[in-house]
Amino acid sequence: MNREPDFLEHLRAELSGGRVWIDRAIVLCYATAAGLFVVGFTLISDWMFAHFQRVYGRWPWVVLLTTPLITGGIVWMTRRYFPGAGGSGIPQVKAALHPDLPHDKRFSFASLRLTLAKIGLGAAGFAAGLSIGREGPSVQVAAGVMQHARRWLSPGSTIDGRALLVAGGAAGIAAAFNAPLAGVVFAIEELTGRLETRSSGLIITAIVLAGLVAVSVFGNVSYFGVIHVPRLGWDLLGPGLLVALASGAAGGLFARLMSASLTGAPGHFNTWRARYPVRFAAGLGLCVAIIGLATGGITFGAGSEAVKQMLRGHDELTPLYTLLKFVATWLTAWSGVPGGIFAPSLSIGAGIGDALSVIGNADLAPALIAMGMAGFLAAVTQAPLTAFIIVMEMVDGHSMVLSLMAAAMLASLVSRMISRPLYDTLAEYMVGRARA
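Throughout what follows, the structure given in this document is the object of discussion. (Residues numbered from 1 in each chain as written. Predicted model: local features only at pLDDT ≥ 70, side-chain atom pairs only at ≥ 80, totals over all residues. Heavy atoms only, no water.)

## Some thoughts on the overall build of the chain
Next, step 1: The helix and strand inventory of the chain stands at 19 helices and zero strands.
Next, step 2: Within the chain, counting contacts between residues at least 6 apart in sequence, those at least 24 apart form 81% of the total.
Next, step 3: Accessible surface for the chain amounts to roughly 18900 Å². Of this, 65% is attributable to carbon and sulfur atoms. (Helix = DSSP H or I, 4+ residues; strand = E, 2+ residues; numbered from the N terminus. Contact = heavy atoms within 4.5 Å. Areas by Shrake-Rupley, 256 points an atom, 1.4 Å probe, with all protein chains shown as cover.)

Dropping the structure here:
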């Protein structure tokens, strides 16, 4: 028969394992460092984009020169020196965790060197005014930091490289969004498919420490503030269903475009991209600059400020501007620069919700905007649990848990009828190229 645990016996065992405590201390230090790196990336990116906005506000037309030049320079640096730093960062971490990837290739997708490159090149993308986010790259940034801890652990340590990668990726999401619960769900839904008992403590510890670092710098506030919605009833059903279906279809189309563009699908444009990557990127940078000028600068950057304004009742992204933000984000990703799609996806989803809010009660607009955010992000990533929890924590929308969950689930279902899972597709493509 199983006997009850002996407290003193367990205490002696814990205290006798001196090297185990050293390993734990090393991991704790690296988890804190991961949070610091994500915070530093956030501060540098915000400073770079603020500088871009000052230049744009004074000389708007100069972006027709600076944006393509910086975009071309970023792609040249990425391809020549840091090929593993291009793109979002989430597919790279998934590729590093892929069972078919040779162990010696893992550092091609997550390392301290790539972390530093991701921060510098990602921040340069904000200086160019590209339609990118920093949340996806934060996953690779934090994972690269945590991966580095393995070299200092004892040979017999039970903490392996895979657990460190997952913990780093989850910590990156938690610190970037100030959403610790989303970090846990992201680790389960997007990175591993399950949370192993032996690594769950490591993952949660990394999330807590990285989150505490972010909170100590930015404060314990919701990313988009607090939305105020009236008592939700049956009058939300029709508009909410329409928002979920529209965001699901739009997100599925976006994921399909991204998959075709970034996996080298046959076509004239991808042929040009493969042959002249820097010139192709500069041309797409010029297109992004033209779109930004046509929209009065709204489509530049992540789009977070536009979402905040919409939640306050201001129509920042009209239907046309939402479409142009969609195009600008796709073109930016296609160029190959290091940059994420989480934040731009939230702004596109918010625009969809705002556009469809005209058919319902005006008081329901904030709720429909939040549902559009959850729906579009869920459709793009096909990770509905992560999407709705991120949005819930970002808008402090605990009163909308069921509505956000339903919108994310339905949008993800619609997306699966249109596109393969985006991050899985990109990760498998990266693994295939690494093994070739």
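## Structural notes on a nonpolar patch on the surface
Next, step 1: On the surface, Leu 43, Val 217 and Phe 218 cluster together to form a nonpolar patch covering roughly 250 Å² of accessible area.
Next, step 2: Looking at the secondary structure, you find Leu 43 in helix α2 (residues 18-58). (Patch = residues over 30% accessible without salt bridge, like charges linked within 9 Å, V, L, I, M, F, W, Y side chains within 5 Å. Salt bridge = Lys/Arg side-chain N within 4 Å of Asp/Glu carboxyl O.)

## Some words on the nonpolar core
Next, step 1: Counting 132 residues, the largest nonpolar core has Met 146 and Leu 404 as the members making the most contacts within it.
Next, step 2: Setting aside chain neighbours within four positions, we find Met 146 in contact with Val 27, Tyr 30, Ala 31, Ala 34, Leu 164, Ala 167, Gly 168, Leu 202 and Ala 206. (Core = buried A, V, L, I, M, F, W, Y, C linked by side-chain atoms within 4.5 Å. Buried < 20%, exposed > 50% of the residue type's maximum accessible area, 1.4 Å probe, protein only.)

## Some thoughts on the pattern of salt bridges
Next, step 1: Summed over the entire model, instances satisfying the criterion amount to three salt bridges.
Next, step 2: Of the charged contacts, one joins Arg 134 and Glu 135 as a salt bridge, the two residues approaching to 4.0 Å between their closest N and O atoms.
Next, step 3: Taking relative accessible area as the criterion, Arg 134 reaches 9% and is therefore assigned buried.
Next, step 4: Accessibility expressed as a relative area gives 2% for Glu 135, which makes it buried.
Next, step 5: Salt bridges sharing common partners tie together Lys 94, Glu 190 and Asp 424.

## Notes on helix α6 (residues 135-148)
Next, step 1: With 14 residues, α6 extends 20 Å from end C-alpha to end C-alpha; this agrees with the ideal 20 Å at 1.5 Å per step.
Next, step 2: Counted residue by residue, α6 has 14 buried out of 14 residues, so it is predominantly covered. (Expected span 1.5 Å × (residues − 1).)

## Some remarks on the packing of aromatic side chains
Next, step 1: Applying the stated criterion across every chain yields a total of 16 aromatic pairs.
Next, step 2: Both rings, one in Phe 49 and one in Phe 126, keep their centres 6.4 Å apart while their planes meet at 75 degrees; by these two values the pair is edge-to-face. Highlighted residues: Phe 49 in helix α2 and Phe 126 in helix α5 (residues 112-127), separated in sequence by 77 residues.
Next, step 3: Of the residues examined, Phe 49 reaches a relative accessible area of 17% and is grouped as buried.
Next, step 4: For Phe 126, a relative accessible area of 5% corresponds to the buried category.
Next, step 5: Put simply, the rings of Phe 49, Phe 52, Tyr 56, Phe 126 and Phe 300 pair up and form one aromatic cluster.
Next, step 6: A cation over a ring is seen here: Arg 58 above Trp 59, with NZ or CZ 5.3 Å from the ring centre. (Phe/Tyr/Trp six-rings, centres within 6.5 Å; stacked < 30°, edge-to-face > 60°. Lys NZ or Arg CZ within 6 Å of the ring centre and 35° of its normal.)

## Considering the environment of Pro 102
Next, step 1: Looking at where Pro 102 falls in the secondary structure, it is placed in the loop between α4 (90-96) and α5.
Next, step 2: Its relative accessible area of 31% is what places Pro 102 among the partly exposed residues.
Next, step 3: When the C-alpha atoms of Pro 102 and Ala 434 are compared, they prove to be 8.6 Å apart, with 332 residues separating the residues in sequence.

## Topic: the packing of helix α8 (residues 180-192) against helix α17 (residues 384-395)
Next, step 1: At a minimum axis distance of 9 Å, the contact between α8 and α17 shows a crossing angle of 170 degrees. With respect to α17, the axis of α8 lies roughly antiparallel. Across the interface between the two elements, Pro 180, Leu 181, Ala 182, Val 185, Phe 186 and Glu 189 from α8 touch Pro 384, Leu 385, Thr 386, Ile 389, Ile 390 and Glu 393 from α17.
Next, step 2: Grouping the constituent residues of the contact of α8 with α17 by class yields nine nonpolar, one polar and two charged. (Axes fitted to C-alpha atoms, helices over the stretch in contact; angles between N-to-C directions. Parallel < 35°, antiparallel > 145°, perpendicular 65-115°, else oblique. Nonpolar A, V, L, I, M, F, W, Y, C, P; charged D, E, K, R; others polar.)

## Quick word on helix α19 (residues 422-435)
Next, step 1: For α19, with 14 residues, the first-to-last C-alpha span of 20 Å sits near the 20 Å given by 1.5 Å per residue.
Next, step 2: Those residues of α19 that are buried are in contact with α4, α8, α10 (237-262), α15 (342-356) and α16 (365-381).

## Some remarks on the side chain of Glu 393
Next, step 1: For Glu 393, the location among the structural elements is in helix α17.
Next, step 2: One polar contact links the side chain of Glu 393 to the main-chain amide nitrogen of Ala 182, over a distance of 3.0 Å. (Polar contact = N/O pair within 3.5 Å; in protein donor to acceptor, adjacent residues only side chain to side chain.)

## Describing unusual backbone geometry
Next, step 1: In this structure, Gln 382 is a non-glycine residue whose phi angle is positive, near 55 degrees.
Next, step 2: One can find Gln 382 in the loop between α16 and α17.

## What to know about the side chain of Ser 111
Next, step 1: One can find Ser 111 in the loop between α4 and α5.
Next, step 2: Of the residues examined, Ser 111 reaches a relative accessible area of 13% and is grouped as buried.

## Some details on the environment of Leu 257
Next, step 1: Residue position: Leu 257 is located in helix α10.
Next, step 2: The spatial distance from the C-alpha of Leu 257 to the C-alpha of Trp 330 is 7.6 Å, given a sequence separation of 73 residues.
Next, step 3: With near-sequence residues (within four places) excluded, Leu 257 lies in contact with Phe 326 and Trp 330.

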